[in-house]
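An overview of the molecular structure
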Amino acid sequence: MIADISANGRKVGITGIGAYVPEKVLTNEDLSRMVDTSDEWITERTGIRERHIAAPDQAASDLALPACRQALERAGVRAEEIDYLVVGTCTPDMMFPTTGTLLAHKLGATNAAAYDILAGCTGFLYALVQAYGAVASGLATRALVVGSEALSKITNWEDRATCVLFGDGAGAAVIEPVSTGGFIAFELGADGSGGKDLMVPAGGSRAPAARETVDQDLHFIHMNGPEIYRFATRAMVASAQKTLEHAAMAVDDLDLYIPHQANRRIIDHAARILGLPQEKVFINLDRYGNTSSASVPLCLVEADEQGLLKPGSNVLLSAVGAGLTWGSALMTWSDGR
Ligand code: ACO
């Protein structure tokens, strides 16, 4: 799916953002005492130095709650004014009810339709596109888009090939009609033929939870690292290029590129092929690892706090993830409603 939406009458953009990460920090040094790895290997191969880990009683909706409250406060919007709430997550509190409904209840967003989207690490971008569509069409007035993940709960802490990569966190954005700026173009894609390369094999209707599935570690993330690496480098670049082309914009027109934070080498490769100088590429994975759907909004919040999101800035968000899925969103940063 690709859309240049600049011709649409209604400008829709982000009016407030928020983020939250749990308190506990797990460093590479800590990991080297848990599995056969080293700070040097993890830093060199991934760029990750530490990640945040949810407490035993913190699920995705708990991580999302403070992020949403911050986004609402910054947008100057009350929870009851939200009429559309969508959560991108692959670590929902439970199979059902959805994290969206539980979160809406905790927030007091009593007037919102609420649900989840499962699109792996592209979850926030898929959610963003749906919220845009709802607000631009007039179906919704104010949407809250959330990416929230407690990946530590589905990580096999004995598997050094995966446990060094992931972290927990949440980010949120309020989506409303805006007077200046707003979204310009989106691209989303999916290819289920690569689904087998990144999955949690059991716990669904294919392999329901059973003693054997637990014994065989099938409720944890299973990943073909090199295959996902090849896919990610290809898809990040292609999605960004298609989106820019569709909007008739050049790479030089971009002020900031916010890529999904999976691996520093994937980001550097994408930036090099796209022709983006380092100062226009936002990176914070050294402190958070791969937080899946939370990664892009966590970056947005830090970029804003560093003064990198000025009204009029052209910002490109791109992500790839399980599914396989990928997506990009191009926007001009708005100065509010
Ligand atoms: N510490 C030390 N050695 C390790 C570790 C570790 N944590 N993990 C793997 N190794 C070893 C392997 O066993 C292998 O050893 P061998 O050569 O003796 O067999 C060696 O390191 C090389 O393994 P590779 O898997 O080939 O290493 P690679 O350079 O590909 O890096 C990595 C692995 C970091 C996982 C890389 O493939 C990658 O980043 N892939 C993409 C993964 C990703 O981004 N996943 C996120 C999922 S969703 C998304 O965001 C797309």
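Residues numbered from 1 in each chain as written. Predicted model: local features only at pLDDT ≥ 70, side-chain atom pairs only at ≥ 80, totals over all residues. Heavy atoms only, no water.

**Considerations on the packing of aromatic side chains**
- The full count for this structure, using the stated rule, is five aromatic pairs.
- Linked through ring pairs, Tyr132, Phe183 and Phe186 together constitute an aromatic cluster. (Phe/Tyr/Trp six-rings, centres within 6.5 Å; stacked < 30°, edge-to-face > 60°.)

**What to know about the domain arrangement of the protein chain**
- Domain parsing of the protein chain yields domain 1 (8-180) and domain 2 (184-333).
- For domain 1 versus domain 2, the separation of C-alpha centres amounts to 14 Å.
- Both faces combined, the contact of domain 1 with domain 2 buries some 3,600 Å², and carbon together with sulfur accounts for 68% of it.
- Ranking the residues of domain 1 by area buried against domain 2 places Ile17, Cys121 and Leu125 at the top, with a combined share of 17%.
- Where domain 1 touches domain 2, the interface holds one salt bridge.
- Only β2 (12-20), α2 (39-46), β4 (50-53), α5 (123-137), β7 (143-150), α6 (160-163) and β8 (168-177) provide two or more residues apiece to the side of domain 1 that touches domain 2.
- The element that contributes the greatest number of residues to the side of domain 1 that touches domain 2 is α5, accounting for seven residues.
- Of the residues assigned to the side of domain 1 that touches domain 2, the class counts are 23 nonpolar, 17 polar and eight charged. (Domains from an automatic or database assignment. Buried area = accessible area lost by both parts, 1.4 Å probe. Salt bridge = Lys/Arg side-chain N within 4 Å of Asp/Glu carboxyl O. Helix = DSSP H or I, 4+ residues; strand = E, 2+ residues; numbered from the N terminus. Nonpolar A, V, L, I, M, F, W, Y, C, P; charged D, E, K, R; others polar.)

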